[in-house]
Amino acid sequence: MERTIEMMEIEKNWDKFLSMPIETKISHFMREGRIYDCLFAQQFNREVLEYIFRIANTLRRITKTKEGMNFASSLLNHKRAMLYFIQPSTRTFLSFLNACHILGIKTSEIRDASISSEYKGESPEDTIRTFSSYVDLIIMRHPAQNFVEKSAWLMNRTKRPVPIINAGSSKDQHPTQALLDTYTLYRSFGGVIDGKTIAMVGDLKRGRTVRSLSFLMENYKNMKLVYIAPPEFKMERDVIDFLNKKNISYYETENFEEGIKEADAIYMTRIQDEHDKSGESKKIDYSKYSFTKKHLDIIKKDAIIMHPLPRREEISVEVDDDPRAMYWRQERNGMWARSALISYIFGVDAKIHIENKA
Ligand code: NCD
């Protein structure tokens with residue numbers, strides 16, 4: 001897209017830039033027709049999604065042998081990445097770390113702002129700029145709303161920009177989780193996601209994974225979303241407006257059993273009580289939104305049960321042995337989807353002989 005003078009002015013002013021609709025901002029985070037900074041689920045179109053899934057399938061197959069692993073780890077062994085995760089994380093951190101290592105990328109990490117120079121009073125913006133002096137990629141999880149986006153915006157205005165991947169930003173978005181969730185749907189349904197009913201359950205208001213996944217669903221035809229949540233945790237208005245605008249059918253209910261019956265995928269989530277102001281989520285009876293053994297009998301025979309993890313009581317451990325429980329596989333899919341995304345961002349996909357099958 002050609003940039004107008006007005007657009008260039010807006011790009012210089014963060015507050016103005018932030019207030020622009022995401023569709024307008026997307027081009028700012030692309031290079032040579034590709035995703036450069038991966039910040040929002042809306043950056044993925046169907047073609048890119050399915051291409052990344054095929055890269056992921058290929059990487060996981062070829063790395064089964066030592067020769068294949070040597071090949072994969074030669075793809076980006078001239079690059080370094082910084083994992084800046086100053087919010088708790090186990091699997092997203094580990095899966096990104098290992099995704100980098102699969103491709104040969106060397107990694108460094110900060111997981112606690114109190115041991116970085118931010119503690120000495122450095123602004124988070126300067127901290128991010130510092131990373132770019134040492135590395136070629138920043139993968140970032142941050143508790144402040146829009147901070148990941150702001151970092152990418154800032155970085156793109158420096159002389160040494162490096163791509164930024166959003167590994168979970170406050171309550172806003174978690175695009176790579178949506179990528180791996182969709183990859184899981186793709187693998188579970190033999191490559192056919194169109195026409196499926198996806199039930200999302202729990203704290204939809206503050207869960208960034210369900211927000212990003214909802215945005216990604218615009219890439220598939222005849223989808224039906226079922227939002228199952230207590231009134232306090234209903235999906236936010238901006239997502240509902242998005243679904244209406246894109247003609248994606250959805251309905252909202254408080255009735256868990258009713259909502260999961262017809263679903264092809266049931267996506268459970270935990271209460272995001274780290275966002276509580278004064279323990280308000282303690283008052284909510286979350287047991288009504290928990291998947292237990294008895295629910296295995298009421299869902300479809302070929303439905304899948306998903307969860308971004310970590311879980312608490314939303315899925316009882318007795319469910320784990322059912323073949324429809326997909327969350328552990330979903331977790332592993334994350335590493336492959338993320339290594340595929342990173343290879344795509346750096347353009348080394350051209351060196352991989354990518355397979356065609358779903
Ligand atoms: C999720 C997150 O951090 O948003 N976890 C993850 O990345 N797998 C979900 C959660 O913490 O509930």
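Predicted, not measured: the structure shown is a model, and the values here were computed from it.

Novice: Looking at this model, I keep getting lost on the site of the ligand. Mind explaining?
Specialist: In the vicinity of the ligand, the residues found are Arg91, Thr92, Arg141, His174, Gln177, Arg208, Thr209, Arg270, Gln272, Pro308, Leu309 and Pro310. Backbone polar atom of proline 308 to a nitrogen atom of the ligand: 2.9 Å apart, as the coordinates give it. Taking 320 Å² as the accessible area of the ligand by itself, protein coverage stands at 94%. Breaking the shell around the ligand down by element, the ones donating at least two residues are α6 (91-102) and α10 (208-216). Here the shell around the ligand is built from residues that sort into three nonpolar, five polar and four charged. Each of two domains, domain 1 (5-173 + 333-348) and domain 2 (175-272 + 282-328), supplies a minimum of three residues to the shell around the ligand.

Novice: Help me understand the nonpolar core in this model?
Specialist: Proteins that are soluble and globular tend to have nonpolar side chains buried together. Formed by 77 residues in total, the largest nonpolar core has its most connected members in Phe44, Ile139, Ile165, Leu185, Met200, Tyr227 and Ile342. Each of domain 1 (5-173 + 333-348) and domain 2 (175-272 + 282-328) accounts for three or more of the residues forming this core. Once you skip the residues sitting within four places of it in the chain, isoleucine 139 turns out to touch Met82, Leu83, Tyr84, Phe85, Phe96, Cys100, Ile165, Ala167 and Ile342. With 23 residues, the next largest nonpolar core counts Ile10, Leu39, Met140 and Val162 among its residues.

Novice: When you look at unusual backbone geometry in this model, what are you seeing that I'm missing?
Specialist: Outside of glycine, negative phi angles account for most residues, and trans bonds account for most peptide bonds. With an omega of 5°, the peptide bond running from leucine 309 to proline 310 counts as cis. Counting through the fold element by element, proline 310 comes out in the loop between β11 (304-306) and α13 (327-345). In this structure, asparagine 222 takes a positive phi of about 50° despite not being glycine. Note that asparagine 222 resides in the loop between α10 and β8 (224-228).

Novice: Can you walk me through helix α8 (residues 147-155) in this structure?
Specialist: Structurally, the α-helix is built with 3.6 residues per turn, so residues lying three or four positions apart point the same way. α8 sits mainly inside the fold: seven of its nine residues count as buried. Among the residues making up α8, those that are buried are Phe147, Val148, Glu149, Ser151, Ala152, Trp153 and Met155.

Novice: Would you mind showing me how to read the packing of helix α9 (residues 175-188) against α10 here?
Specialist: Relative placement of two packed helices is described by the angle separating their axes and the distance separating the axes. Running from N to C, α9 and α10 cross one another at 60°; their axes reach a closest spacing of 8 Å. In terms of orientation, α9 and α10 fall into the oblique class. Relative to α10, α9 is oriented so that their crossing is right-handed. Contact residues: Pro175, Gln177, Ala178, Leu179, Asp181 and Thr182 in α9; Thr209, Ser212, Leu213 and Leu216 in α10. Of the residues belonging to the contact of α9 with α10, the class tally is five nonpolar, four polar and one charged.

Novice: It is not clear to me how the sheet that holds β11 should be interpreted in this structure. Could you clarify?
Specialist: Hydrogen bonds between backbone groups are what pair the strands of a sheet, and the pairing can be parallel or antiparallel. Judged by pairing direction, the sheet is parallel, and its five strands sit side by side in the order β9-β8-β7-β10-β11 without closing on themselves. Looking at which strands have only one partner, the edges of the open sheet turn out to be β9 (249-253) and β11. Mean inter-strand twist for the sheet, computed between neighbouring axes without regard to direction, equals 15°. For strand β7 (residues 197-201) and β8, the ladder comprises five bridges, and the chain directions are parallel. Its bridge partner being in β8, alanine 199 is matched across the sheet by valine 226. Of the strands in this sheet, β7, β10 (265-268) and β11 are in contact with α9, which crosses β11 at around 165°.

Novice: Which parts of the structure should I look at to understand the domain arrangement of the protein?
Specialist: The accessible area lost on association of the parts is a frequent measure of interface size. Under the domain assignment used here, the protein contains domain 1 (5-173 + 333-348) and domain 2 (175-272 + 282-328). The distance between the C-alpha centroids of domain 1 and domain 2 comes to 25 Å. Taken together, the 35 residues of domain 1 in the interface contact 25 residues of domain 2. It is Arg46, Phe53 and Arg91 that lose the most area in domain 1 upon contact with domain 2, and together they represent 24% of the buried surface on that side. On the surface where domain 1 and domain 2 come into contact, there are two salt bridges. Among the ionic pairs, aspartate 194 bridges to arginine 46, the shortest N-O distance being 2.9 Å. Scanning the region where domain 1 abuts domain 2 turns up 15 residue pairs in polar contact (both at pLDDT 80 or more). When residues of the side of domain 1 that touches domain 2 are traced back to their parent elements, those giving at least two are α4 (46-62), α6, β6 (164-169) and α13. In terms of residues, the side of domain 1 that touches domain 2 owes the most to one element, α4, which gives nine residues. Residues that form the side of domain 1 that touches domain 2 fall into these classes: 14 nonpolar, 11 polar and 10 charged.

Novice: Sorry if this is basic, but what is going on with the sheet that holds strand β3 (residues 80-85) here?
Specialist: With respect to topology, four strands assemble into an open sheet ordered β4-β3-β5-β6, the strand pairing being parallel. Each edge of the sheet is formed by a strand with only one pairing partner; in this case those strands are β4 (106-110) and β6. Strand-to-strand twist of the sheet, defined as the mean angle between neighbouring strand axes without regard to direction, takes the value 15°. Where helix α7 (residues 124-134) meets the sheet, it contacts β3, β4, β5 (137-142) and β6, and its direction lies at approximately 160° from that of β3.

Cut-off values and rules
Residues numbered from 1 in each chain as written. Predicted model: local features only at pLDDT ≥ 70, side-chain atom pairs only at ≥ 80, totals over all residues. Heavy atoms only, no water. Near = heavy atom within 4 Å. Polar contact = N/O pair within 3.5 Å; in protein donor to acceptor, adjacent residues only side chain to side chain. Areas by Shrake-Rupley, 256 points an atom, 1.4 Å probe, with all protein chains shown as cover. Helix = DSSP H or I, 4+ residues; strand = E, 2+ residues; numbered from the N terminus. Nonpolar A, V, L, I, M, F, W, Y, C, P; charged D, E, K, R; others polar. Domains from an automatic or database assignment. Core = buried A, V, L, I, M, F, W, Y, C linked by side-chain atoms within 4.5 Å. Buried < 20%, exposed > 50% of the residue type's maximum accessible area, 1.4 Å probe, protein only. Contact = heavy atoms within 4.5 Å. Axes fitted to C-alpha atoms, helices over the stretch in contact; angles between N-to-C directions. Parallel < 35°, antiparallel > 145°, perpendicular 65-115°, else oblique. Left-handed = near helix turned anticlockwise from the far one by under 90°. Pairing = 2+ DSSP bridges. Buried area = accessible area lost by both parts, 1.4 Å probe. Salt bridge = Lys/Arg side-chain N within 4 Å of Asp/Glu carboxyl O.

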